[in-house]
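Structural description and commentary
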Amino acid sequence: MSVAKRGERPLSPHLQVYRLPLNAVLSILHRITGVAMAASAVLVVWWLLAAATSPTAFAWIDGLMTSWLGDLVLTLSLGALWFHFANGIRHLIWDTGSWFGQRRVRQSAIGAIAVAVVMTLVTIWLAQGGA
Amino acid sequence: MEKHKSFRTPRARVLGLGSARSGTGHFWEQRISAIALAFLAWFFILNVARHLGDPYEVVRASFARPFNAIVALGFILTASLHLAQGLAVVIEDYVHGRAGVILLICVRLFCALLALVGVFAILKIALGA
């Protein structure tokens, strides 16, 4: 029966060659950024605890956070935060039943990326002493 | 086919066992915390960014101000809750069985610790002890 011909039948969808739609990529990114920010939260809480403890404790975490590694991690964290923020707004709007059309989904996806990029740059500018 | 005959109807047996009573609670609380964070993030993140790399006394002085302290407390409490809720959903989706339960417990305790330490730090700075 069908078992004999199993090897000849086409497989679909084939995950290795399937190109994820933009919205699917954002959906996965929403989870990844959310989970990753657990690490960012530890850093920020540590920084606050050190500020509440002593100049010595503060100097240590301050040194870590202002190092190139700290800059890298915090920049990625900021990107994650503003992306999660912007994409989260989309989710809240979807929860009301709106913006489900294909055009709206695509437009809001691009909008969320734009907001994330702009807000990340603005925050970095602020951190550099911009205002 | 039922092996054990019972006079209770199937509906009576599942009453109170299903998720219908509190099933949307987690979902709803996660939306509420998301809305709160959408506002709090602006103030908290921009304040942290502005003072990152600043001297000890400057950072303390900033978080000692009532507005900044209240925003920080609000953000830390809400973000810890939102993180716990989000991580729980991810674990429930991908990790099953005993490992999943253990992870759920660990995540919940981790988020509680995060909230506890963060709140303590802000209170200590703001109330000046």
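Analysis parameters
- Residues numbered from 1 in each chain as written.
- Chains lettered and ligands numbered in written order.
- Predicted model: local features only at pLDDT ≥ 70, side-chain atom pairs only at ≥ 80, totals over all residues.
- Helix = DSSP H or I, 4+ residues; strand = E, 2+ residues; numbered from the N terminus.
- Expected span 1.5 Å × (residues − 1).
- Bend = angle between axes of the 7 residues up to and from the residue.
- Contact = placed C-beta atoms within 7 Å.
- Nonpolar A, V, L, I, M, F, W, Y, C, P; charged D, E, K, R; others polar.
- Axes fitted to C-alpha atoms, helices over the stretch in contact; angles between N-to-C directions.
- Parallel < 35°, antiparallel > 145°, perpendicular 65-115°, else oblique.
- Left-handed = near helix turned anticlockwise from the far one by under 90°.
- Core = buried A, V, L, I, M, F, W, Y, C linked by C-beta atoms within 7 Å.
- Buried ≥ 20, exposed ≤ 12 C-beta atoms within 10 Å, placed from the backbone.

What to know about helix α1 (residues 22-53) of chain A
The terminal C-alpha atoms of α1 of chain A lie 45 Å apart, and with 32 residues this matches the ideal 46 Å at 1.5 Å per residue to within 8%. Along its length, α1 of chain A shows its largest kink, about 30°, at A38 of chain A.

Some words on the interface of chain A and chain B
Listed per partner, the contact involves 25 residues of chain A and 28 residues of chain B. It is α1 of chain A that contributes the most residues to the side of chain A that touches chain B, eleven residues altogether. Its residues assigned to classes, the side of chain A that touches chain B comprises 18 nonpolar, four polar and three charged.

Some details on the packing of α1 of chain A against helix α3 (residues 68-95) of chain A
All names here are of chain A. In contact at an axis separation of 8 Å, α1 and α3 are set at 130° when each is read in the N-to-C sense. The angle between α1 and α3 places the two elements in the oblique class. The way α1 lies across α3 gives a crossing that is left-handed. Contacts between α1 and α3 pair L26, L29, H30, T33, G34, A36, M37, S40 and L43 from the former with V73, S77, A80, L81, F83, H84 and N87 from the latter. The residue makeup of the contact of α1 with α3, split by class, is nine nonpolar, seven polar and no charged.

Section: α3 of chain A
Compared with the 40 Å implied by 1.5 Å per residue over 28 residues, the 40 Å span of α3 of chain A between its first and last C-alpha is a close match. Of the residues flanking the end of α3 of chain A, it is G97 of chain A, one or two places downstream, whose phi is positive at about 95°.

Comments concerning the nonpolar core
One broad trend across soluble globular proteins is that nonpolar side chains are buried collectively. Membership of the largest hydrophobic core comes to 48 residues, with the highest contact counts inside it found for L48, A51, L81 and W82 of chain A together with A41, F44 and F75 of chain B. Non-local contacts of L81 of chain A, meaning those with residues more than four positions away in its chain, are made with M37 of chain A together with A41 and I45 of chain B.

With respect to the packing of helix α3 (residues 56-64) of chain B against helix α5 (residues 97-127) of chain B
All names here are of chain B. Interaxial distance between α3 and α5 falls to 8 Å at its minimum, and their mutual angle equals 90°. What the angle tells us is that α3 and α5 run roughly perpendicular. For the pair α3 and α5, the contacting residues are R60, F63 and A64 in the first and I122, I125 and A126 in the second. Residue composition of the contact of α3 with α5, grouped by class: five nonpolar, no polar and one charged.

Structural notes on the environment of L123 of chain B
Residues and elements named next belong to chain B. Position of L123 relative to the elements: it lies in helix α5. Residue classification places L123 among the partly exposed positions, given that 15 C-beta atoms sit within 10 Å. In sequence terms L123 and E57 are 66 residues apart; their C-alpha atoms lie 16 Å from each other.

Purely spatial values, then, with no claim about function.
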